[in-house]
Amino acid sequence: MRGSLTRALTGAMGLIAAAAGQAVTAAPVAADSVVVGGRPARIADAPWVVALSSRDRFGGTRAGQFCGGVVVAPTKVLTAAHCLGREVLGGEPWEVRDFVVIAGRAALRGQGGQEVRVSDTWVNPDYDPTTNAGDLAVLTLVSALPQSSVIGVAREGDAALTPGTEADVFGWGDTTGNGTYASTLRTARVQVLPDSTCEQAYPGGGFGAPYQGDTMLCAGDPQGGKDACQGDSGGPLVAKGLLVGLVSWGSGCGQAENPGVYTRVSAVLPARF
Ligand code: ARG
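Residue indices follow the written sequence of each chain, beginning from 1 at its first position. Given that the model is predicted, a residue must reach a pLDDT of at least 70 before its local features are reported, and side-chain atom pairs must reach 80 or more before they are shown or counted; all residues, however, enter totals for whole chains, interfaces and linings. For the side-chain quantities, the full set of heavy atoms in the structure was used; hydrogens and water were omitted.

## Topic: unusual backbone geometry
Move 1: Non-glycine residue alanine 63 carries a positive phi angle of around 60°.
Move 2: Helix numbers and strand numbers start at the N terminus; a helix is a DSSP run of H or I with at least 4 residues, a strand a run of E with at least 2. By secondary structure assignment, the location of alanine 63 is in the loop between helix H2 (55-58) and strand S3 (65-73).
Move 3: At lysine 240, a position not held by glycine, the phi torsion is positive, near 50°.

Printed below as a string of structure tokens:
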């Protein structure tokens, strides 16, 4: 399995399997891989990170967390379009009756922050589930979060998007590549990589989608070891204090030769949302 492409849905499917007490099918990675960097994050330093949750569908032990998201306006949360697919939710988002965004809480088992219901979901009409191009959705919350939890979004041409820029990814996803899901928020330091690196890693053909730099952003640890992983999807990649990407897909987790692929938010987010 090592080196096989981890399809976008594997994370959530793995969570479903885990919830059902079955074996998790996420591709294993080298034992020394430390995905999401092995470093706890404090919500005070990352107040814009949220968890998407349904306890009915994913079980209550980790508060129903199945994807990440990021607050870009008091009532607007960005996440990955693939997080809202039928294969993940088992239906349309509005049919998941206990679907909530958990904001202001790093420890999923804790009581901090708030759980807010979603009144509307917008999935990028140009999202292509076979290639993951344009992997972005916008959730509208029924009540506003504090302005202090809003992060700015990098625009095309911003220095934050320049290859070599340090960036931090946040999430509650798999910390080992073997289905060990975090119960507290974690972060890993990676860097924005040139499109050519992901074009070489993901040329397409077979069952991998080709990397497409117009809607995707390449980021990772050139040494390997630090990366997003299953369950982190939809969560933020932040550079120079601005949102640059959303966790979207990758092959395995933390392999130097297979960087993380993120939604290029500057290219996909509509001007008005
Ligand atoms: N598709 C995964 C999810 O649904 C995210 C995978 C990210 N993988 C990576 N190697 N950066 O959670």
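From this point on, the discussion continues.
## Considerations on the packing of aromatic side chains
Move 1: Side-chain rings of Phe, Tyr and Trp, where Trp is taken by its six-membered ring, are said to pair if the distance between their centres is within 6.5 Å; with planes under 30 degrees apart they count as stacked, over 60 as edge-to-face, and otherwise as tilted. Under the criterion given, the structure shown has four aromatic pairs.
Move 2: Ring centres of phenylalanine 58 and phenylalanine 66 lie 4.5 Å apart, and the angle between their planes is 15°; on these two criteria the pair is classed as stacked. Like phenylalanine 58, the residue phenylalanine 66 is buried in the burial classification.
Move 3: Here the aromatic cluster, defined as three or more aromatic residues joined through ring pairs, consists of Phe58, Phe66 and Phe99. For every residue, the accessible area (1.4 Å probe, protein chains only) is compared with the maximum for its type, and the residue is labelled buried under 20%, exposed over 50%, or partly exposed between those bounds.

## A few points about the environment of aspartate 168
Move 1: Here aspartate 168 lies in strand S9 (residues 166-171).
Move 2: A sequence separation of 24 residues divides aspartate 168 from valine 192, and the C-alpha atoms of the two residues are 9.7 Å apart.
Move 3: Contacts are assigned to residue pairs that have any heavy atoms within 4.5 Å of one another. With residues up to four places along the chain from it excluded, the contact list for aspartate 168 reads Arg39, Thr187, Ala188, Arg189, Pro236, Leu237 and Val238.
Move 4: In terms of polar contacts, aspartate 168 uses its side chain to reach the side chain of arginine 189, at 2.6 Å. Under this definition, polar contacts are N or O atom pairs within 3.5 Å; protein pairs additionally need one hydrogen-donor-capable and one acceptor-capable atom, and for neighbouring residues in sequence, both atoms have to be side-chain atoms.

## Overview of the site of the ligand
Move 1: The nearness test applies per residue and asks whether one of its heavy atoms lies within 4 Å of the molecule or strand. By nearness alone, 16 residues border the ligand, and His82, Asp227, Gly231, Ser233 and Gly252 come closest of all.
Move 2: Aspartate 227 has a polar side-chain atom sitting 2.8 Å from a nitrogen atom of the ligand.
Move 3: A distance of 2.7 Å is found between an oxygen atom of the ligand and a backbone nitrogen or oxygen belonging to glycine 231.
Move 4: Throughout, the Shrake-Rupley method with a 1.4 Å probe supplies accessible areas, and for residues the shown protein chains are the sole cover considered. About the coverage of the ligand: the protein hides 99% of its 350 Å² of free accessible area.
Move 5: Residues of the shell around the ligand, tallied by class, amount to six nonpolar, eight polar and two charged. In this classification, Asp, Glu, Lys and Arg are treated as charged, Ala, Val, Leu, Ile, Met, Phe, Trp, Tyr, Cys and Pro as nonpolar, and every other residue, Gly included, as polar.

## Quick word on the state of the cysteines
Move 1: Note on terminology: pairs of cysteine sulfur atoms within 2.5 Å are recorded as disulfides. Here the structure, examined in full by the defined rule, presents three disulfides.
Move 2: Between cysteine 67 and cysteine 83 runs a disulfide, and the two sulfur atoms are separated by 2.1 Å. The S-S bond linking cysteine 67 to cysteine 83 shows a torsion near -85°; that makes this disulfide left-handed. Of this pair, cysteine 67 sits in strand S3 while cysteine 83 is found in the loop between strand S4 (76-79) and helix H3 (86-89), placing the two residues 16 residues apart along the sequence.
Move 3: Taking relative accessible area as the criterion, cysteine 67 reaches 2% and is therefore assigned buried.
Move 4: According to the relative accessible area criterion, cysteine 83 is buried, its value standing at 0%.
Move 5: Between the sulfur atoms of cysteine 198 and its disulfide mate cysteine 218 the distance is 2.1 Å. Residues cysteine 198 and cysteine 218 are joined by a disulfide whose S-S torsion is about 80°; by sign, that bridge is right-handed. One end of the pair, cysteine 198, is in helix H4 (residues 195-201); the other, cysteine 218, is in strand S11 (residues 216-220), and 20 residues separate them in sequence.
Move 6: Residue cysteine 198 is classed as buried on the basis of its relative accessible area, which comes to 0%.
Move 7: In the protein, numbering the disulfide-bonded cysteines from first to last in sequence yields the connectivity 1-2, 3-4, 5-6.

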